[in-house]
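# What the coordinates show
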Amino acid sequence: MGALDDDIESVLYSSEEISRRVSELAAQITADLDNNKSNNTESSPPVVVVGVATGAFLFLADLVRNVKLPITVDFIRAESYGSGTVSSGDPRILSDLKMDILGKHVILSGNIICTLKKLLCNSAHLSHSGASSISVCTFLDKPARRKVNFELVGEGKYYCGFECPDYFVVGYGLDLAELYRNLPYVGVLKPEMYK
Ligand code: 5GP
Ligand code: MG
Ligand code: MG
């Protein structure tokens, strides 16, 4: 078995760029939460940062370590792609939150949004579970294939690490058939890796 790096054709976002950008996102989230808190007279429950398993695990870890306010963390799991590089259809929730999010502000954090199918599924689920507002914080946004748009729930905001060109990318949590998630950067695979 060769080194993991040997399968990568080019690096799109280096681990230094990622680290810088994720710190910026966390600073923005911290500032927004702080601002919301001072606008609220009653003490509001802590925000729930919901990571979309498995892909968001590295992003979430780096993000929340840089948010300088009390937050809580939970996970949901939704599946849409199977093991290929093309979406297999409508995603469904495979594993639910542990926490009760009724009346809470949620920050839905995933690694990438593309057609929006998965985001809409997750967001609808959080909404049905009673979230009062839902912010979306995505590490990557790949808008090239978008046919629909989305509306944020309540006072929710939109945060995005990088707007990504229309490649199939791996690393920093993003997989091909569950591999490559542990690459510390985001890269494009050599074409022969798909076969
Ligand atoms: P959507 O439902 O927005 O089309 O796709 C979101 C999901 O598709 C992501 O959570 C991810 O699992 C997968 N996905 C979309 N684009 C890519 C990509 O370029 N690389 C990888 N590894 N997964 C992707
Ligand atoms: Mg996935
Ligand atoms: Mg995947």
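Structural data are supplied above this passage.
Let us look at the structure shown here. (Residues numbered from 1 in each chain as written. Chains lettered and ligands numbered in written order. Predicted model: local features only at pLDDT ≥ 70, side-chain atom pairs only at ≥ 80, totals over all residues.)

## Let's talk about the overall build of the chain
- Broken down by element type, the chain carries three helices and nine strands.
- Along the chain, from the amino end to the carboxyl end, the secondary structure elements read β-α-β-α-β-β-β-α-β-β-β-β.
- In the chain, buried positions account for 31% of the 195 residues.
- Across the chain, every contact between residues at least 6 apart in sequence was considered, and the portion connecting residues at least 24 apart equals 65%. (Helix = DSSP H or I, 4+ residues; strand = E, 2+ residues; numbered from the N terminus. Buried ≥ 20, exposed ≤ 12 C-beta atoms within 10 Å, placed from the backbone. Contact = placed C-beta atoms within 7 Å.)

## Points about the sheet that holds strand E4 (residues 92-95)
- Pairing is mixed in the open sheet, where six strands are placed in the order E4-E3-E2-E5-E6-E7. Every other strand in the sheet has two partners, leaving E4 and strand E7 (158-163) as the edge strands with one partner each. Across the sheet, the mean angle separating the axes of adjacent strands is 30° when strand polarity is ignored.
- Strand direction decides the pairing type here: strand E3 (residues 71-79) and E4, joined by three bridges, are antiparallel. What sits directly across from Ala-78, in E4, is Ile-93.
- Against the sheet, helix H3 (residues 117-128) engages strand E2 (47-53), E3, E4, strand E5 (105-113) and strand E6 (133-141), with an angle of about 165° to E5. (Pairing = 2+ DSSP bridges. Axes fitted to C-alpha atoms, helices over the stretch in contact; angles between N-to-C directions.)

## What to know about the site of ligand 1
- For ligand 1, the set of nearby residues contains 21 residues, the closest of which are Cys-114, Thr-115, Lys-117, Lys-118 and Leu-174.
- The greatest single-element share of the shell around ligand 1, amounting to four residues, is contributed by E5.
- Residue composition of the shell around ligand 1, by class: 11 nonpolar, six polar and four charged. (Near = placed C-beta within 6 Å. Nonpolar A, V, L, I, M, F, W, Y, C, P; charged D, E, K, R; others polar.)

## Considering unusual backbone geometry
- Omega for the peptide link from Ala-53 to Thr-54 comes to -5°, which places this bond in the cis form.
- With respect to the element layout, Thr-54 can be found in the loop between E2 and helix H2 (57-64).
- Look at Ala-177: it is not a glycine, yet its phi comes out positive at around 50°.
- We note that Glu-178 has phi near 75°; this positive angle belongs to a residue other than glycine.

## Regarding the sheet that holds strand E9 (residues 186-189)
- The strand order across the open sheet built from three strands is E1-E9-E8, with neighbouring strands paired in antiparallel fashion. Only two strands of the sheet have a single neighbouring strand rather than two, namely strand E1 (8-13) and strand E8 (169-170).
- Relative to E9, E8 is paired through two bridges, and the arrangement is antiparallel. For Val-169, the partnering residue across the bridge sits in E9 and is Val-188.

Purely geometric numbers; function is a separate question.
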